[in-house]
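Next come the chains, spelled out residue by residue.
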Amino acid sequence: QVQLVESGGGLVQPGGSLRLSCVASGSIFRINVMGWYRQAPGKQRELVASSSGGGTNYADSAKGRFTISRDSAKNTMYLQMNSLKPEDTAVYYCGANVRSWGDQYDRNYWGQGTQVTVSS
């Protein structure tokens with residue numbers, strides 16, 4: 001099994017900042033991709049940012065404001081969120097595609113989710 005543990009999130013005012021973190025643990029051979037997703041009320045889940053060996057990708061809404069980073073040695077991923085807007089309010093999830101020791105398949109895992117609320 002692989003576990004993803006998130007931290008961060010909370011209530012911030014518009015224009016404020018938050019930093020989310022996600023730590024992967026367990027029988028990890030290789031993490032292929034890690035990403036941040038969010039789901040707002042009445043909307044489907046969307047990819048905010050992702051990181052792989054090949055680089056990073058951002059949703060248009062996140063470009064210029066959010067920064068994803070990854071510490072491969074610690075199996076940890078961060079999402080620095082600046083200039084937050086009310087429309088950023090959502091439950092944010094950490095996801096990872098992982099190859100475990102002794103497994104021939106890549107599998108997807110999810111964190112528990114954390115609420116980010118941007119409001120004055």
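Residues numbered from 1 in each chain as written. Predicted model: local features only at pLDDT ≥ 70, side-chain atom pairs only at ≥ 80, totals over all residues. Heavy atoms only, no water.

Focus on the overall build of the protein chain
Then comes step 1: Each helix and strand in the protein chain was counted, giving zero helices and 11 strands.
Then comes step 2: Going from the N terminus to the C terminus, the protein chain shows its helices and strands as β-β-β-β-β-β-β-β-β-β-β.
Then comes step 3: Relative to a compact globule of 120 residues, whose C-alpha radius of gyration would be 14 Å, the protein chain shows 14 Å and is just as compact.
Then comes step 4: A principal-axis box enclosing the C-alpha atoms of the protein chain has dimensions of 50 × 25 × 25 Å.
Then comes step 5: In the protein chain, which comprises 120 residues, the share counted as buried stands at 39%.
Then comes step 6: Of the charged side chains in the protein chain, 12 are positive and 8 negative, and the gap between their average positions amounts to 2 Å. (Helix = DSSP H or I, 4+ residues; strand = E, 2+ residues; numbered from the N terminus. Rg over C-alpha atoms; globule rule 2.2 N^0.38 Å. Buried < 20%, exposed > 50% of the residue type's maximum accessible area, 1.4 Å probe, protein only. Lys, Arg positive; Asp, Glu negative; His and termini not counted. Charge placed at Lys NZ, Arg CZ, Asp CG, Glu CD.)

Focus on the pairing of strand S5 (residues 46–52)
Two faces, one strand: in a regular strand the side chains alternate between the faces of the sheet.
Then comes step 1: In terms of strand pairing, strand S4 (residues 28–39) meets S5 through six bridges, oriented antiparallel. In the sheet register, Trp-36 faces S5, and the bridge partner there is Ala-49.
Then comes step 2: Between S4 and the antiparallel strand that follows it, S5, lie six residues; Gly-42 among them carries a positive phi value of about 80°.
Then comes step 3: Pairing geometry for S5 and strand S6 (residues 55–58), over four bridges, is antiparallel. Paired with Ser-52 across the two strands is Gly-55, which belongs to S6. (Pairing = 2+ DSSP bridges.)

Here's the deal with the nonpolar core
Then comes step 1: Of all hydrophobic cores here, the largest spans 29 residues; its most connected members are Trp-36, Val-48, Phe-66, Leu-79, Met-81 and Tyr-92.
Then comes step 2: Looking at this core, the elements that each hand over two or more residues are strand S1 (2–7), strand S3 (18–26), S4, S5, strand S7 (66–71), strand S8 (76–81), strand S9 (90–100) and strand S11 (114–118). (Core = buried A, V, L, I, M, F, W, Y, C linked by side-chain atoms within 4.5 Å.)

Concerning the pattern of salt bridges
Then comes step 1: In the structure shown here, the tally under the stated rule is seven salt bridges.
Then comes step 2: A salt bridge links Arg-30 to Asp-106, with the nearest nitrogen and oxygen atoms 3.9 Å apart. Here Arg-30 is found in strand S4, whereas its partner Asp-106 is found in strand S10 (residues 106–110), with 76 residues between them in sequence.
Then comes step 3: Across the salt bridge formed by Arg-99 and Asp-106, the nearest N and O atoms sit 2.7 Å from each other.
Then comes step 4: Residue Asp-106 is classed as partly exposed on the basis of its relative accessible area of 37%. (Salt bridge = Lys/Arg side-chain N within 4 Å of Asp/Glu carboxyl O.)

Some points on the packing of aromatic side chains
Then comes step 1: One pass over the full model with this rule turns up two aromatic pairs.
Then comes step 2: Note on Tyr-37 and Trp-110: the rings are 4.8 Å apart at their centroids and 65° apart in plane angle, and the pair reads as edge-to-face. Linking Tyr-37 in strand S4 with Trp-110 in strand S10, this pair joins segments that are 73 residues apart in sequence.
Then comes step 3: Its relative accessible area of 23% is what places Tyr-37 among the partly exposed residues.
Then comes step 4: Trp-110 gets classed as partly exposed once you look at its relative accessible area, which sits at 38%.
Then comes step 5: A cation over a ring is seen here: Arg-45 above Tyr-37, with NZ or CZ 5.5 Å from the ring centre. (Phe/Tyr/Trp six-rings, centres within 6.5 Å; stacked < 30°, edge-to-face > 60°. Lys NZ or Arg CZ within 6 Å of the ring centre and 35° of its normal.)

So yeah, pure geometry; function would need other evidence.
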